[in-house]
Amino acid sequence: MTDLTLASAARSVQARRRIRDHVYETPLLPARRDGLWFKAENFQLTGSFKVRGAAAVMTASASDQPLITASSGNHGIGAARAAQSLGRKLTVVLPENVVPEKLAKIRAYGVEVVLHGAETGLAEQHAQALSRQTGARYVSPYNDAEVIAGQGTIGLELLEQAGQIDNLVIAMGGGGLISGIGAVIKAFSPATRIIGAAAEASQALALSMKAGQVVDCDHRDTLADAVAGGIDADTLTLPLAQAVVDEVVPCSEAEILSALRSLAQEENLLVEGAAALAL
């Protein structure tokens, strides 16, 4: 057990107290096959776990400090929802080609929206530049200790809901989810095996863990688009993931599609590809 793991787990305990009134404790659902359970974050307030990390950042920072983030997906929506719930001033930078429905959803929460760049990476760079210029706190989708702690509150709920957990499979993107939950589980249930599910088409964190440093890789289109993309050179998630993840399983697009079908047809659950990745 590393000091890094224990510190992250302790931060999740603190974050849970702060965000309890601003997130939903999602159910743990039994699958129709024996021994398998789903932690249904698709029932979270915004349809994704991302609101947890955003709320953790906002409740840990000064109430009068402006915030800025960039995301055209679940993180942007979750941050906007958290800002509305907590009465925080938030700017969300989105790429100019953002899907109109997502733009409308984010704007509906009353946050300021800035459109910049042809893709999300450029929007993120612009948000970071604005953060440096204005003093607003940048809320990273994954590379932030409080964001990681917020995602780790899922692990605290799992321990209460499930009792003994033999194996826990978690989708891997930037690493905020798996490192946050993994730290909590290893701190309180060290015998539980943490298994990372990576999309073969975009596995920056998995390859970086293998190399022992952040590496670049090809990113192809994937059904699990929410976990696609690279990771920051100074990411906090790499050393934490290395400390808590026992095994990484790369998944093909055919396997992700099969899991999506299985969840829809056998479990009556309509989820995005990144959630099917774990199955």
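Every chain is numbered on its own, with residues counted from 1 as its sequence reads. The predicted nature of this model means local features are confined to residues of pLDDT at least 70 and side-chain atom pairs, given and counted, to a pLDDT of 80 or more, with totals for whole chains, interfaces and linings taken over all residues. Just so you know, side-chain values use all the structure's heavy atoms and leave hydrogens and water out.

## Details of the pattern of salt bridges
Salt bridge, as used here, is a side-chain nitrogen of Lys or Arg placed within 4 Å of a carboxyl oxygen of Asp or Glu. As enumerated under the stated definition, the model contains 11 salt bridges in all. Across the salt bridge formed by Arg52 and Glu157, the nearest N and O atoms sit 2.9 Å from each other. Remark: Glu157 occurs in helix H6 (residues 145–162) and Arg52 occurs in helix H2 (residues 50–60); sequence separation between them is 105 residues. Each member of the pair Arg52 and Glu157 is classed as buried. Note on conventions: DSSP H or I runs of at least 4 residues are helices, E runs of at least 2 residues are strands, and numbering of each starts at the N terminus. When a residue's accessible area, from a 1.4 Å probe over protein chains only, is under 20% of the maximum for its type it is buried; when over 50% it is exposed; and in between it is partly exposed.

## Examining the nonpolar core
The tendency in soluble globular proteins is for nonpolar side chains to be buried as a group. Grouped together as the largest cluster of nonpolar side chains are 28 residues, with contacts concentrated most on Leu168 and Leu205. Broken down by secondary-structure element, the contributors of at least two residues to this core are H6, strand S7 (167–171), helix H7 (176–188), strand S8 (193–199), helix H8 (204–211) and helix H9 (237–244). Ranked by residues supplied to this core, first place goes to H7 with 5 residues. Note on contacts: a residue pair qualifies if any of its non-hydrogen atoms lie within 4.5 Å across the two residues. Residue contacts for Leu205: discarding those within four places in its chain leaves Met172, Gly173, Gly174, Gly175, Ile178, Ile231, Thr237, Leu238 and Ala241. Throughout, nonpolar core names a set of buried Ala, Val, Leu, Ile, Met, Phe, Trp, Tyr and Cys residues whose side chains join them through atoms within 4.5 Å. Listed in part, the 27 residues of the second largest apolar core include Ala15, Ile19, Val23 and Val92.

## Focus on the sheet that holds strand S9 (residues 247–251)
Note: two strands are recorded as paired if DSSP finds a minimum of 2 bridges between them. Strand order across the open sheet formed by 3 strands is S7-S8-S9, with parallel pairing between neighbours. In this open sheet, the two strands that pair with only one neighbour each are S7 and S9. Neighbour-to-neighbour, the strand axes of the sheet open up by a mean angle of 25 degrees, direction not taken into account. Here the axes come from fitting lines to C-alpha atoms, over the contacting stretch only for helices, and the angles between their N-to-C directions go from 0 to 180 degrees.

## A closer look at the environment of Thr235
Considering the arrangement of structural elements, one finds Thr235 in the loop between H8 and H9. Residue Thr235 is classed as buried on the basis of its relative accessible area of 7%. For the pair Thr235 and Ala254, spaced 19 residues apart in sequence, the C-alpha separation works out to 30 Å. In contact with Thr235, other than residues within four places in its own chain, are Tyr142, Asn143, Gly174 and Val214.

## What about H9?
Among all positions of H9, only Thr237, Leu238, Leu240, Ala241 and Val244 are buried. Viewed end-on, H9 has its buried residues packed into an arc of 165 degrees, placing them on one side of the element. Against the buried residues of H9 lie helix H1 (3–19), H6, H7, S8 and H8. The directions from the helix axis to the C-beta atoms are what the arc is built from.

## Here's the deal with a nonpolar patch on the surface
A patch consists of residues exposed above 30% relative accessible area that lack any salt bridge, with like charges linked at up to 9 Å and nonpolar side chains (Val, Leu, Ile, Met, Phe, Trp, Tyr) linked at up to 5 Å. Surface accessibility in these figures is a Shrake-Rupley result with a 1.4 Å probe; residues are shielded only by whichever protein chains are displayed. A surface patch of nonpolar side chains, amounting to about 280 Å² of accessible area, comprises Tyr24, Phe43 and Leu45. With respect to the helices and strands, Phe43 occurs in the loop between strand S2 (37–39) and H2. For Phe43, a relative accessible area of 41% puts it in the partly exposed group.

## Concerning the packing of H1 against H7
Viewed as axis vectors pointing N to C, H1 and H7 meet at an angle of 100 degrees, and their least axial separation amounts to 8 Å. On the basis of the axis angle, H1 is roughly perpendicular to H7. Residues Thr5, Leu6, Ser8, Ala9, Ser12 and Val13 of H1 form the contact with H7, whose own contacting residues are Gly180, Ala183, Val184, Lys186, Ala187 and Phe188. When grouped by side-chain class, the residues that make up the contact of H1 with H7 number 7 nonpolar, 4 polar and 1 charged. Oblique is the label for any angle not covered by the other classes, which are roughly parallel (under 35 degrees), roughly antiparallel (over 145) and roughly perpendicular (65 to 115). Any residue outside Ala, Val, Leu, Ile, Met, Phe, Trp, Tyr, Cys, Pro, Asp, Glu, Lys and Arg is labelled polar, Gly included; the first ten of those are nonpolar and the last four are charged.

## Let's talk about H7
What a helix should span is 1.5 Å times the count of its residues minus one. Its 13 residues give H7 an end-to-end C-alpha distance of 19 Å, which sits within 8% of 18 Å, the value for a rise of 1.5 Å per residue. Looking at the buried side of H7, the elements it contacts are H1, H6, S7, S8, H8 and H9.

## Quick word on the sheet that holds strand S5 (residues 112–115)
Strand order in the open sheet formed by 4 strands is S5-S4-S3-S6, with parallel pairing between adjacent strands. Looking along the sheet, the strands with just one partner apiece sit at the ends: S5 and strand S6 (137–138). Relative to S5, strand S4 (residues 90–94) runs parallel, the two being bridged by 4 bridges. Residue Val92 lies in a different strand from S5, and its bridge partner there is Val113. Against the sheet, helix H3 (residues 74–86) contacts strand S3 (67–70) and S4, and its axis sits at roughly 165 degrees relative to S4. Contacts from helix H5 (residues 120–134) reach S3, S4, S5 and S6 within the one sheet, and its direction differs from that of S3 by about 165 degrees.

## Side note on the pairing of S8
Counting buried positions along S8 gives 6 out of 7 residues, so the element sits mostly inside the fold. Handedness of the crossover joining S7 and S8 through H7: right-handed. Summarising the sheet, S8 and S9 pair through 5 bridges and their orientation is parallel. Each bridged residue has a counterpart across the sheet, and for Ala198 the counterpart in S9 is Pro250. The path from the first strand over the helix to the second decides the hand: if it runs clockwise while the strands point away from the viewer, the crossover is right-handed.

## Brief notes about unusual backbone geometry
The backbone of Asn268 sits at a positive phi, close to 60 degrees, despite the residue not being glycine. Within the secondary structure, Asn268 sits in the loop between helix H10 (253–267) and helix H11 (273–278). The class for Asn268 is exposed, based on a relative accessible area of 56%.

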